[in-house]
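Chain residues, written in single-letter form:
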Amino acid sequence: MKHATVNEAHQLQQAGATYVDVRSTREFDAGHPEGAINVPLLEHDDHGQMAQNPDFLRVMKAAFPPETRLLIGCQAGMRSLKAAQMLETFGFADVTNVKGGFGGARDHSGRLIEPGWTTTGLPVETGAPAGRTYGTLLDNADKA
């Protein structure tokens, strides 16, 4: 499993790697790394609880060839690690977990232990960018 800091991930993204934000659609809409694509590993269910997204792998396989250079990020690094491991298991060849994710990883006392995208001042965007939302990718997977 490859790992990258957010600064390394930003450089890889600038060199052509695809940043996949595996946070929920709500989290993604509130703010995400500039240029990121949203495919949530967990999503809010009808009761507002976070639950495993049953379409995660299907959407990823429909959206990206297995050789795509993927940067997998979340809020602090735990969901992305799980998603990256899953993607490698199911045939994706070039997967990198983004340590620190969007907001940074913190210890039990709240101290920042791994800088995140926002804590390092990397470019952020909000909303639902055309062609990079989960809804669009899910629709495309359903048509495939």
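Just so it is clear, the structure is predicted and the values come from calculations on it, not from any experiment.

The rules behind each value
- Chains are numbered independently. Their residues run from 1 in the order of the written sequence.
- Local features are withheld for residues below a pLDDT of 70 in this predicted model, meaning they are given only at 70 or higher, and side-chain atom pairs are given and counted only at 80 or more; totals for whole chains, interfaces and linings count all residues.
- Heavy atoms from the whole structure form the basis of all side-chain values; hydrogens and water molecules are not counted.
- The helix count covers DSSP runs of H or I at least four residues long, the strand count covers runs of E at least two residues long, and both are numbered beginning at the N terminus.
- Our radius of gyration looks at C-alpha atoms and nothing else; its globule reference is 2.2 Å times the residue count to the power 0.38.
- Three exposure classes are used, based on accessible area relative to the maximum for each residue type with a 1.4 Å probe and protein chains only: buried under 20%, partly exposed in between, and exposed over 50%.
- Computed with the Shrake-Rupley method and a 1.4 Å probe, the accessible areas treat only the protein chains shown as cover for residues.
- Residues adjacent in sequence count toward polar contacts only when both atoms are side-chain atoms; beyond that, a polar contact is any pair of N or O atoms within 3.5 Å, and within protein one must be able to donate a hydrogen and the other to accept it.
- Residue contacts follow a heavy-atom distance rule, with two residues in contact if any of their heavy atoms lie within 4.5 Å.
- We treat two strands as partners when DSSP finds at least two bridges between them.
- For this quantity, the arc is that covered by the directions from the helix axis to the C-beta atoms.

Caption draft 1: Region of the structure containing the overall build of the protein. Secondary structure assignment for the protein yields five helices and eleven strands. Computed over the C-alpha atoms, the radius of gyration of the protein is 14 Å, within 12% of the 15 Å expected from 2.2 N^0.38 for a compact globule of 144 residues. Projected onto its principal axes, the C-alpha positions of the protein cover 45 × 35 × 30 Å. Burial statistics for the protein: of 144 residues in total, 45% are counted as buried. Carbon and sulfur atoms make up 52% of the accessible area of the protein, which amounts to about 7,100 Å² in all.

Caption draft 2: Structural detail: the side chain of Asn 38. Tracing the backbone shows Asn 38 in strand S4 (residues 37-38). When its relative accessible area of 1% is taken as the criterion, Asn 38 is described as buried. A distance of 3.0 Å separates a polar atom in the side chain of Asn 38 from the backbone oxygen of Asp 21. Not counting the four nearest positions on each side in its chain, Asn 38 is found in contact with Asp 21, Arg 23, Ser 24, Thr 25, Phe 28, Arg 132, Thr 133, Tyr 134 and Leu 137.

Caption draft 3: Up close: the sheet that holds strand S7 (residues 69-73). Strand order in this open sheet of five strands is S1-S8-S7-S2-S4, and the pairing throughout is parallel. Every interior strand has two partners, whereas the edge strands, strand S1 (2-4) and S4, have only one. The pairing of S1 with strand S8 (residues 94-98) spans three bridges and is parallel. The partner of His 3 across the bridge, within S8, is Asn 97.

Caption draft 4: Summary view of the environment of Pro 115. Turning to its location among the elements, Pro 115 is positioned in the loop between strand S10 (112-114) and strand S11 (124-125). Exposure remark for Pro 115: the relative accessible area of 34% places this residue in the partly exposed category. Linking Pro 115 and Lys 143, residues 28 residues apart in sequence, is a C-alpha distance of 39 Å. Sequence-distant contacts of Pro 115, that is, excluding residues within four places in its chain, are made with Val 6, Lys 99, Gly 100, Gly 104 and Thr 120.

Caption draft 5: Highlighting helix H5 (residues 134-143). Buried within H5 are the following residues: Tyr 134, Leu 137 and Ala 141. In a view along the axis of H5, the buried residues occupy a sector of 65°, so they form one face of it. The secondary structure elements touched by the buried residues of H5 are helix H2 (25-30), S4, strand S5 (42-44) and helix H3 (56-63).

These figures come from the coordinates and say nothing about function on their own.
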